[in-house]
Amino acid sequence: MKKVVHFGAGNIGRGFIGALFSQSGYHVVFVDIAEQIINQLNEDKQYNVKLATDQQETLNIQNVSGLNNLNQEEEVIAAIKEAAFLTTAIGPTILPRIAPLIAKGLLARVNENKDKLYVIACENQISATDLLKGYIMEHLDVADQNKVLTNVAFLNSAVDRIVPIQHNQGSLDVLVEPYHEWVVEATKEIPHIEGMKIVPDLAPFIERKLFTVNTGHAVIAYFGYLAHKETIDETLADKVIYNQVKATLEETGAYLIHKYNLNPDEHQKYIEKIISRFKNAHLQDGVTRVGRSPLRKLGPEDRLVRPAVQAQKAGLSYTNLAKAIAAALLFDYKEDEEAAKLQTMLQEQGIAPVLHEVCGLDEANELAQEVIRHYNDMKQA
Ligand SMILES: NC(=O)c1ccc[n+]([C@@H]2O[C@H](COP(=O)([O-])OP(=O)(O)OC[C@H]3O[C@@H](n4cnc5c(N)ncnc54)[C@H](O)[C@@H]3O)[C@@H](O)[C@H]2O)c1
Ligand SMILES: O=P(O)(O)OC[C@@H](O)[C@@H](O)[C@H](O)[C@H](O)CO
């Protein structure tokens, strides 16, 4: 049976990528550090993906197994030798940690098996696969890098399906929204996977997704958190926050239409579709999940700062994006490691150095000034 090695047996791994491969006739080897999930995958050898609809349609996912990358290195390398695809969904900041093992696996693979292997990072990050490729190359000498690059294709992708934190301890089943889109950038033919869309240029797809779905989501999460809301759908029912989301997506929309020459009516329909997805009350998606890792989300290439900077450069409005950046800076959820670190940085250094270090924004920039004004107003409110 054809094989895929997938790093990250979490929500999107089991609920989306692993499920698509299984449905396309692949055996999915999940690699994770969560011992309990790995053991259960090996015992149950299947799980269910449940759709967050009134009917709760269920798909049974079979041909799955698990490996622990902390103590089963040799087994992971053996699996990579046989695989047709290697995918990840672990979070962009974890990619450097799995790169040494993937480097070993790819080298062993290309020494023995000359079939093409496709590596795809499925993370909410522009050019995530290129980043992973860079981390992997750091662990190979030049001759081995060339060997790997001859037989391994590194493909960037954009992945879209809302999968909340699961509240079913002890079960591998995953509740997911019915909508899904997986876009992969490839200029040569690759094996067909159910639900994977191939495009020659990913930039418009990943930017449209990140700066509509994820920007909108972040606005709801950070304003919802400040308003003491629990879930995304509950927050969106608040008229003031709803209007804030719409206004912010008009700003990112103006930038996307300008940059990629999108049809404005079609983009408006895309925004409306996304907002209707956010309203799905079956998901019970927490504002703290969606707002997680604010240092990453406030990065220069991420969902808030990049569209604001690009809008500013294009002479477009960015005032609502500036407000959203300020709201993100006020996310002081103690259980989130990055949120705690961000609050310590703000206390010790003040806002201007943080905007410089985390967001890449200089204090003199009018966008930074606007963020600082909103931050001070919101902090006092
Ligand atoms: N959940 C969503 O709605 C969604 C949608 C699209 C994209 N994504 C992206 O998918 C990625 C994963 O998100 P998620 O929601 O599935 O997170 P998650 O926390 O549910 O899953 C991540 C998994 O990675 C595992 N992991 C952590 N460190 C590891 C390591 N060193 N080696 C192996 N496994 C490790 C964790 O144990 C966990 O099982 C993120 O980049 C996220 O942005 C998520
Ligand atoms: O996964 P993050 O932390 O980058 O972002 C949180 C959510 O916005 C995200 O997981 C969405 O649910 C997902 O991107 C929808 O496709």
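The name that an unreviewed UniProt entry assigns to the chain is Mannitol-1-phosphate 5-dehydrogenase, with the source organism given as Lederbergia ruris. On record in UniProt, under Sequence similarities (unreviewed entry), the comment for the chain is "Belongs to the mannitol dehydrogenase family." Taken from UniProt, the Catalytic activity (unreviewed entry) comment for the chain reads in full: "D-mannitol 1-phosphate + NAD(+) = beta-D-fructose 6-phosphate + NADH + H(+)".

(A) Local environment of the overall build of the chain. On a plain count of helices and strands, the chain comes out with 17 helices and 12 strands. Relative to the 2.2 N^0.38 estimate, which gives 21 Å for 381 residues, the radius of gyration of the chain is 21 Å and therefore close to what a compact globule would have. Among the 381 residues that make up the chain, the fraction classed as buried is 45%. A separation threshold of at least 6 residues defines the contact pool for the chain, and within that pool the share at least 24 residues apart is 72%.

(B) Seen up close, the UniProt feature "domain: Mannitol dehydrogenase C-terminal" (unreviewed entry) in the chain. Residues given the UniProt feature "domain: Mannitol dehydrogenase C-terminal" (unreviewed entry) here are residues 201-378. In residues 201-378, the share of helix is 72% and the share of strand is 0%. The end C-alpha atoms are 40 Å apart.

(C) Highlighting the site of ligand 2. Taken together, the residues surrounding ligand 2 are Asn124, Asp160, Arg161, Ile162, Val213, Asn214, His217, Val290, Arg292 and Ser293. If one sorts the elements of the shell around ligand 2 by residue count, helix α7 (residues 203-226) sits on top with three residues. Residue composition of the shell around ligand 2, grouped by class: three nonpolar, four polar and three charged. Counting contributing residues per domain, the shell around ligand 2 is built from domain 1 (3-201) and domain 2 (204-380), each supplying no fewer than three.

(D) Fine view of the UniProt feature "binding site: NAD(+)" (unreviewed entry) in the chain. Under the UniProt annotation, the feature "binding site: NAD(+)" (unreviewed entry) is placed at Val4, Val5, His6, Phe7, Gly8, Ala9, Gly10, Asn11, Ile12, Gly13, Arg14 and Gly15. Tracing the sequence through the fold places histidine 6 in strand β1 (residues 3-7). Judged by local crowding, histidine 6 falls into the buried class, with 27 C-beta atoms found within 10 Å. Summarising the element assignment, arginine 14 is placed in helix α1 (residues 11-23). Residue arginine 14 is classed as buried on the basis of its C-beta count, with 30 C-beta atoms lying within 10 Å. Discounting residues that sit within four places of it in the chain, arginine 14 has contacts with Ala9, Ala19, Tyr47, Leu172 and Val174.

(E) Spotlight on the site of ligand 1. In the vicinity of ligand 1 lie 26 residues, with Gly10, Asn11, Ile12, Glu123 and Asn124 positioned nearest. Taken together, the elements giving at least two residues each to the shell around ligand 1 come down to α1, β2 (27-32) and α4 (95-112). Among the elements that take part in the shell around ligand 1, α1 stands out by supplying three residues, more than any other.

What counts as what
Per-chain numbering applies: the sequence of each chain, read as written, is numbered from 1 onward. Written order decides the labels, with chains lettered from A and ligands numbered from 1. In keeping with the model being predicted, local features are shown solely for residues with a pLDDT of at least 70 and side-chain atom pairs are shown and tallied solely at 80 or more, while totals for entire chains, interfaces and linings include all residues. UniProt positions are given in the numbering used here, feature names are shortened, and annotations may be inferred rather than shown by experiment. Going along the chain from the N terminus, every DSSP run of H or I of four or more residues is numbered as a helix, and every run of E of two or more is numbered as a strand. Throughout, radius of gyration means the C-alpha value; the globule benchmark is 2.2 Å times the number of residues raised to the power 0.38. Burial in this document is a count-based property: other C-beta atoms within 10 Å of a residue's C-beta are tallied, and the residue is buried at 20 or more, exposed at 12 or fewer, or partly exposed in between, with C-beta positions derived from the backbone. In this description, any two residues whose backbone-derived C-beta atoms lie within 7 Å of each other are considered to be in contact. The C-beta atom of each residue is placed using the backbone, and any residue whose C-beta lies within 6 Å of a molecule or strand is treated as near it. Residues are grouped as follows: Ala, Val, Leu, Ile, Met, Phe, Trp, Tyr, Cys and Pro are nonpolar; Asp, Glu, Lys and Arg are charged; every other residue, Gly included, is polar. Where a domain begins and ends is set by an automatic assignment or by a domain database.

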